[in-house]
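Examination of the molecular architecture
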Amino acid sequence: MQIEFQILRQTPDTAPKLDRFTVEADSSETILSCLNRIKWEQDGSLAFRKNCRNTICGSCSMRINGRSTLACKENIAGEMARLGTASGETPTMTIAPLGNLPVVKDLIVDMKPFWDDLEKVEPYVSTSSRQLPEREFLQSPDERAEFNATGNCILCGACYSECNAKEVNPNFVGPHALAKAQRLLADDRDDRREARLESFDNPDSGVWGCTRCYYCNSVCPMEVSPLDRISEIKGEILDRSTKDDSRPIRHRKVLLELVEEGGWIDERKFSLQVIGNYFKDLQGLLDIAPLGLRMLANGKFPVRFDPSEGSAEVRGLIAAVKAATQATTKAGA
Ligand code: SF4
Ligand code: SF4
Ligand code: FES
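What comes next is a walk through the structure. The structure presented is a predicted model; accordingly, all values stated were derived computationally and were not measured.

1. Considering the pairing of strand 1 (residues 2-11)
- One ladder, built from 9 bridges, connects strand 1 with strand 2 (residues 14-24); its direction is antiparallel. When the sheet's bridge partners are listed, Ile-7 is paired in strand 2 with Asp-19.
- The antiparallel hairpin formed by strand 1 and strand 2 contains 2 residues in its connecting segment.
- In terms of strand pairing, strand 1 meets strand 5 (residues 92-96) through 4 bridges, oriented parallel. Along strand 5, the bridge assignment pairs Ile-7 with Ile-95.

2. Structural notes on a negative patch on the surface
- A cluster of like negative charges, contributed by Asp-142, Glu-143, Glu-146 and Asp-188, occupies part of the molecular surface.
- Take Asp-188: it is sitting in the loop between helix 8 (175-186) and helix 9 (193-200).
- On the accessibility criterion, Asp-188 (39% relative accessible area) is partly exposed.

3. Let's talk about the site of ligand 2
- Close contacts around ligand 2 come from Cys-163, Ala-165, Phe-172, Pro-175, Cys-210, Thr-211, Arg-212, Cys-213, Tyr-214, Cys-216, Leu-227 and Ile-230, and that covers them all.
- Here the residues of the shell around ligand 2 are counted per class, giving 10 nonpolar, 1 polar and 1 charged.

4. Structural notes on helix 3 (residues 112-120)
- Turning to helix 3, its buried residues are Phe-114, Asp-117 and Leu-118. Down the axis, helix 3 shows its buried residues gathered within 100 degrees of arc, on one side only.
- Phi for Glu-122, located one or two positions after helix 3, is positive at around 45 degrees.

5. Notes on the packing of helix 12 (residues 247-262) against helix 13 (residues 267-274)
- In contact at an axis separation of 9 Å, helix 12 and helix 13 are set at 155 degrees when each is read in the N-to-C sense. Between helix 12 and helix 13, the crossing angle belongs to the class labelled roughly antiparallel. Here helix 12 and helix 13 pass one another in a crossing that is right-handed. On helix 13, the residues that touch Arg-247, Arg-250, His-251, Val-254, Leu-255, Leu-258 and Glu-261 of helix 12 are Lys-269, Phe-270, Gln-273 and Val-274.
- For the contact of helix 12 with helix 13, a count of residues per class yields 5 nonpolar, 2 polar and 4 charged.

Cut-offs applied
- Residues numbered from 1 in each chain as written.
- Chains lettered and ligands numbered in written order.
- Predicted model: local features only at pLDDT ≥ 70, side-chain atom pairs only at ≥ 80, totals over all residues.
- Heavy atoms only, no water.
- Pairing = 2+ DSSP bridges.
- Helix = DSSP H or I, 4+ residues; strand = E, 2+ residues; numbered from the N terminus.
- Patch = residues over 30% accessible without salt bridge, like charges linked within 9 Å, V, L, I, M, F, W, Y side chains within 5 Å.
- Areas by Shrake-Rupley, 256 points an atom, 1.4 Å probe, with all protein chains shown as cover.
- Salt bridge = Lys/Arg side-chain N within 4 Å of Asp/Glu carboxyl O.
- Lys, Arg positive; Asp, Glu negative; His and termini not counted.
- Charge placed at Lys NZ, Arg CZ, Asp CG, Glu CD.
- Buried < 20%, exposed > 50% of the residue type's maximum accessible area, 1.4 Å probe, protein only.
- Near = heavy atom within 4 Å.
- Nonpolar A, V, L, I, M, F, W, Y, C, P; charged D, E, K, R; others polar.
- Arc of directions from axis to C-beta.
- Axes fitted to C-alpha atoms, helices over the stretch in contact; angles between N-to-C directions.
- Parallel < 35°, antiparallel > 145°, perpendicular 65-115°, else oblique.
- Left-handed = near helix turned anticlockwise from the far one by under 90°.
- Contact = heavy atoms within 4.5 Å.

The structure is reproduced here in structure tokens:
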């Protein structure tokens, strides 16, 4: 069958342009195989990375029809199904480089910011303060299973490419780095657990910088589910923190308290308690005062709060989740 490829091509000195190629291929062929065909048979100057051709090395990640993934993993049939291409219609594959990284040429991006961000979480098991064993640090299969999910990361950059937080906040270390961070927290050989938790508890670069958009989970080709790993770190931080420790922590704790209380959030209390820190943060109060006054002037300030219907049911659900979490924690201990 004939397949149209539209490939975004550029160099740091030339504006992006779409080049079009037609490829004769079977629908079971991978996108990488088609790109090889284009390079070998039509335009040898097309630049892209590849290596293992077997979803192992992570080199061939790129945006395929708007989603960052591995070109050696996705095939034409799968993309046609995802795009809803009608039978008889010529499928069009749109290929672009990863996002959030500078383009070197065509589909090749400079991965340096990705590696630099990974380095920020010190992605190595630290045993510096421990006595070195005679042979090696042994681990049971159960202990190893604690980080099975993150162990699958092939550092392809697909999650980083789609990360909304990274797009707007260059300090945020990114989903790949935080998934690795969780792997180190879960590794019983590491001796920097407390220091790591402290550094990940950061509203800008750390876990609280994530906007929970879920994109990293949905694109990760290895099912690392970075957002789930980030949530696990957040859970650990929340368990050992109080509302006085920081605004992000207050945000989570107050939100839960208010929902437990009234079934939904009393926004007046929420802003006063989270941003105003129960009237202890004068700067915070001053920051929200103009918004409150504008809302008041426009008749949008909620002057009263009524608990939602079924708030008892909401309380019951929260209690059930807490009990289930405690049971799981005990079982794992
Ligand atoms: S977490 Fe998934 S998407 Fe992100 S770098 Fe690792 S394998 Fe790739
Ligand atoms: S869930 Fe968080 S880390 Fe994942 S892509 Fe969205 S903002 Fe980035
Ligand atoms: S070429 Fe190695 S993951 Fe695609």
